[in-house]
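# A closer look at the structure
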Amino acid sequence: IDQPAAQPGSPQPSVDDVTRRLYDDARPSVVKIETTKDNDAVRGTGFAVKGPGLIATDYHCVAGAKEIKVFLQDGSFHRARIKDID
């Protein structure tokens, strides 16, 4: 957040304001992930980490997936593949 640290004795922003700003800043990079595993759909989230096309998510969202779809904020989706696991 582009906000200077509060000076001692000055009022602090409310948690709701801070959370709202963090959410608004991060929202464009958040994606929905849907995978297919043994005829079951698994849903999760991820986020863009380096420009378009590179998404980070939790391993359990994609482990053993036969198909991975990444849904962007505009509602469009792209088929994806696992590039690296850490």
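Basis of the calculations
- Residues numbered from 1 in each chain as written.
- Predicted model: local features only at pLDDT ≥ 70, side-chain atom pairs only at ≥ 80, totals over all residues.
- Heavy atoms only, no water.
- Core = buried A, V, L, I, M, F, W, Y, C linked by side-chain atoms within 4.5 Å.
- Buried < 20%, exposed > 50% of the residue type's maximum accessible area, 1.4 Å probe, protein only.
- Helix = DSSP H or I, 4+ residues; strand = E, 2+ residues; numbered from the N terminus.
- Contact = heavy atoms within 4.5 Å.

Let's shift gears to the nonpolar core. Ranked by size, the top nonpolar core spans 6 residues in total: V31, I33, C61, V62, I68 and V70. Counting only elements with at least two residues in this core, the list comes to strand 1 (30–37), helix 2 (59–62) and strand 4 (67–71). With near-sequence residues (within four places) excluded, C61 lies in contact with T35, K37, V42 and G44.

Moving on: the environment of A56. For A56, the location among the structural elements is in strand 3 (residues 55–57). For the pair A56 and V31, spaced 25 residues apart in the sequence, the C-alpha separation amounts to 9.6 Å. In contact with A56, not counting residues within four places along its chain, are G46, F47 and V49.

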